[in-house]
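This is what each chain is made of:
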Amino acid sequence: MTRIGITTTVPVEIILAAGHIPVDLNNIFITSPEAGKFVEAAEEAGYPRNICGWIKGLYSIVVNRDGNTGDGIDKVIAVTQGDCSNTHALMETYELAGVETIPFAYPYDRDYDLLKLQMEKLMGALGTDWEAVAAVKRQLDKLRLKVAEIDRLTWEENTVSGFHNHLYQVSCSDFNSDLTAFEADVDAFLTKTASAAEYTDDLRLGFIGVPPIFPDLYPYLETMGARVVYNEVQRQFAMPFVTDDIVEQYRLYTYPYGVFGRIKDIEAEIERRNLDGIVHYVQSFCFRQIEDIILREKLDIPILTIEGDKPGKIDARTRLRIDSFLEMLR
């Protein structure tokens, strides 16, 4: 089976229906103990310093220091519309290294026919059809319901940490490249959570924006008496929608289309989850930093915007800003 790298969430049902293995390059990068070295390797290969650390990590995960392809990735599906604006150049550097790339684009206006066409082109490139994709979707729908239960337990029963809420939802982009093992892990976690003690944090936070490059953000918040009970983008990766139409499913997915659709989702979850404040994470040198202007204008809730560059622990300045924000909320 071919290992297909993905640069962000794509219709994973198509990859699985074609008999291939999806590999979210972001998850491989950020969970590696060598994450910082991957960024350095990309800079040594010529990537500018003022380019997003995630993009540099994605490059080095696939292309080794000697210029050969690495980590067993055979092809990469790169999202050319609806994600990072630097993905075009990332694709070109992949191709320079001999890595086969397949483009996929989310139409900005959520046009149903254009999205369906993109999905059909991806099916043609990987070798599958609608019937096989629909069968995989039915299988994944059951698994996604279990992950949705982890999310519910986080904000309604208060028995799941913000980090585990993040972890299981963000993993739904590729299901850790092993559906059977991932479902067993989810089942075991739900069993464990059934007898877990209730969290008693006095502050309930939302986390919006791309997943953080800081591995210790969630634990730090909890040591300060706050817990993330809403992970915006990670929840979208887990596809919390009930629909039999797979094209509609990826139309409802808010992340690739624009900030105003995201705002409607965020506003609904602020009320439903009774949030006290929001942490907005922005990545250095990312165009999405500009959206912070709109989010602050439209969302009627205290917002702390924090910025990250390279993988590593939260710096002292950011910790101080988090502490002050939490004290202000109290």
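Our structure's up above, just so we're on the same page.
Everything numeric here is computed off the predicted structure, so don't read it as measured data.

Procedures and definitions
Residues numbered from 1 in each chain as written. Predicted model: local features only at pLDDT ≥ 70, side-chain atom pairs only at ≥ 80, totals over all residues. Heavy atoms only, no water. Salt bridge = Lys/Arg side-chain N within 4 Å of Asp/Glu carboxyl O. Helix = DSSP H or I, 4+ residues; strand = E, 2+ residues; numbered from the N terminus. Buried < 20%, exposed > 50% of the residue type's maximum accessible area, 1.4 Å probe, protein only. Axes fitted to C-alpha atoms, helices over the stretch in contact; angles between N-to-C directions. Parallel < 35°, antiparallel > 145°, perpendicular 65-115°, else oblique. Left-handed = near helix turned anticlockwise from the far one by under 90°. Contact = heavy atoms within 4.5 Å.

Student: Give me the pattern of salt bridges: which residues, what numbers.
Tutor: Tallied over the entire structure, the rule returns 24 salt bridges. Where lysine 137 meets aspartate 141, a salt bridge forms, and the shortest distance between an N and an O atom there is 2.8 Å. Taken as a pair, lysine 137 and aspartate 141 lie in helix H7 (residues 130-157) at a separation of 4 residues, close to a single helical turn. Its relative accessible area of 4% is what places lysine 137 among the buried residues. Between aspartate 201 and arginine 227 there is a salt bridge whose closest N-O contact spans 2.9 Å. In this pair, aspartate 201 is assigned in the loop between helix H9 (179-193) and strand S5 (203-209) and arginine 227 in strand S6 (residues 226-231), connecting sequence segments 26 residues apart.

Student: Any chance you could break down the packing of helix H13 (residues 259-272) against helix H14 (residues 291-298) for me, citing the residues and the numbers?
Tutor: At their nearest, the axes of H13 and H14 sit 11 Å apart, and the two run at 40° to each other. Taken together, H13 and H14 sit at an angle that is classed as oblique. For the pair H13 and H14, the sense of crossing is right-handed. In contact with Val259, Phe260, Arg262, Ile263, Ile266 and Glu267 of H13, H14 contributes Glu291, Ile294, Leu295 and Lys298.

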